[in-house]
Amino acid sequence: MNRRRPSRSATADELLTTLQHLTARARKEVELHQARVELAEALQREMLPATLPALPGLQTAARYTPARSGLDIGGDWYDGFVLPDGSLGFAIGDVQGHDVEAAAFMGQIRIGMRAAASTAADPGEVMGRTNDLLLSVDSNLFATCTFLRFDPCTWELHSARAGHVPAVWSSAEGHSGVTEDEGGVPLGILAKQHYPVTRRRLTTAGAVVLITDGVVEGPSFPIDAGLEQVREQVAALPQATADELADDVIRAARRTGHQDDAAVLVLRHDAAPGPA
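An account of the accompanying structure is given in this report.

**Quick look at the nonpolar core**
Side chains of a nonpolar character, in soluble globular proteins, are inclined to be buried together.
And then number 1: In terms of nonpolar packing, the biggest core is built from 45 residues, with Val95 and Met127 touching the most fellow members.
And then number 2: Here this core gets seven residues from one element, more than from any other, and that element is helix H2 (residues 99-117).
And then number 3: Filtering out sequence-adjacent residues up to four positions away, Met127 remains in contact with Met113, Cys145, Thr146, Phe147, Ala160, Arg161, Ala162, Leu187 and Tyr195.
And then number 4: If you look at the next biggest cluster of nonpolar residues, it comprises 21 residues, including Val168, Val249, Ile250 and Ala262.

**Points about the environment of Asp243**
And then number 1: Take Asp243: it is sitting in helix H6 (residues 242-250).
And then number 2: When the C-alpha positions of Asp243 and Arg63 are compared, they lie 8.8 Å apart, and in sequence the two are 180 residues distant.
And then number 3: Leave out the neighbours within four places in its chain, and Asp243 touches Ala61 and Arg63.

**Considerations on the pattern of salt bridges**
And then number 1: As enumerated under the stated definition, the model contains eleven salt bridges in all.
And then number 2: Between Asp79 and Arg114 there is a salt bridge; the shortest N-O distance is 2.8 Å. Within this pair, whereas Asp79 is found in strand E2 (residues 76-82), its partner Arg114 is found in helix H2, the two being separated by 35 residues in sequence.
And then number 3: When the shortest N-O distance is used, the salt bridge between Arg200 and Asp181 registers 2.6 Å.

**What to know about unusual backbone geometry**
And then number 1: The backbone of Asp138 sits at a positive phi, close to 55 degrees, despite the residue not being glycine.
And then number 2: Inspection of the secondary structure puts Asp138 in the loop between helix H3 (123-136) and strand E4 (143-151).
And then number 3: For Asp138, a relative accessible area of 69% gives the class exposed.
And then number 4: Despite not being glycine, Lys192 has its phi angle at roughly 55 degrees, a positive value.
And then number 5: Along the chain, Lys192 falls in the loop between strand E7 (176-178) and strand E8 (197-201).

**A closer look at the packing of helix H5 (residues 223-235) against H6**
And then number 1: Across the interface, H5 lies against H6 with an axial gap of 10 Å and an inter-helix angle of 150 degrees. Considering their axes alone, H5 and H6 lie roughly antiparallel with respect to each other. Between H5 and H6 lies a crossing of right-handed hand. Two secondary-structure elements touch here, H5 through Val230, Gln233 and Val234 and H6 through Leu245, Asp248 and Val249.
And then number 2: In terms of residue class, the contact of H5 with H6 is built from four nonpolar, one polar and one charged.

Thresholds, definitions, all that
Residues numbered from 1 in each chain as written. Predicted model: local features only at pLDDT ≥ 70, side-chain atom pairs only at ≥ 80, totals over all residues. Heavy atoms only, no water. Core = buried A, V, L, I, M, F, W, Y, C linked by side-chain atoms within 4.5 Å. Buried < 20%, exposed > 50% of the residue type's maximum accessible area, 1.4 Å probe, protein only. Helix = DSSP H or I, 4+ residues; strand = E, 2+ residues; numbered from the N terminus. Contact = heavy atoms within 4.5 Å. Salt bridge = Lys/Arg side-chain N within 4 Å of Asp/Glu carboxyl O. Axes fitted to C-alpha atoms, helices over the stretch in contact; angles between N-to-C directions. Parallel < 35°, antiparallel > 145°, perpendicular 65-115°, else oblique. Left-handed = near helix turned anticlockwise from the far one by under 90°. Nonpolar A, V, L, I, M, F, W, Y, C, P; charged D, E, K, R; others polar.

Pasting the structure below:
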């Protein structure tokens, strides 16, 4: 008879000891992950601008909220700054990744885009230079982005988009919509890319609202439905300030059941002065 003798069953004390070891290990891993999340959130908030530029007739506001789960954080950003010629640059974007690495990559994009915008007035060229700069750092991350240049002399808005969510707009005359501007591929994927530029003169008072996909897309909430929801919100608040509009739009992210962080950037503008 070669049958092996069954191994002795574990005692209650042995099972309890094993359970304690597993629990301690799980707690340590949770604490480590939570520490990374908190670090990513701190990096995120420190890298976002404390203020945004504005001009008479142009109000600006932005909001950021982390993911509902608290785990997916560090990818979304917004920015606004004065360019050398006196025009204003605005950007919003989303790194396709999360945690500390995404927060650090987001910081590289912000710095790179500001550097590119200091020597290039055209938003498409700013995008192209930023894209090539990101590729030079040899990261496996990439990002979607929209960059706007507002000219206070002509009251024109020039924009370029790199795979990012369309913007939403409304006018005091009761019109609204979702932009259908042609765009290029996300930043950090292919070198020497061309990013088409769309030019608009703001002849009537209204608002331009830039968002990230965490605002308009959720696990069971398609992006088209989210964009339509934001369009209705913006159109329904023709007299709201930029801050009020930003607060209202960021609340839309809660209704999508989003599992990603979310950002909103609002430009509330008067009509262009002088003849159209």
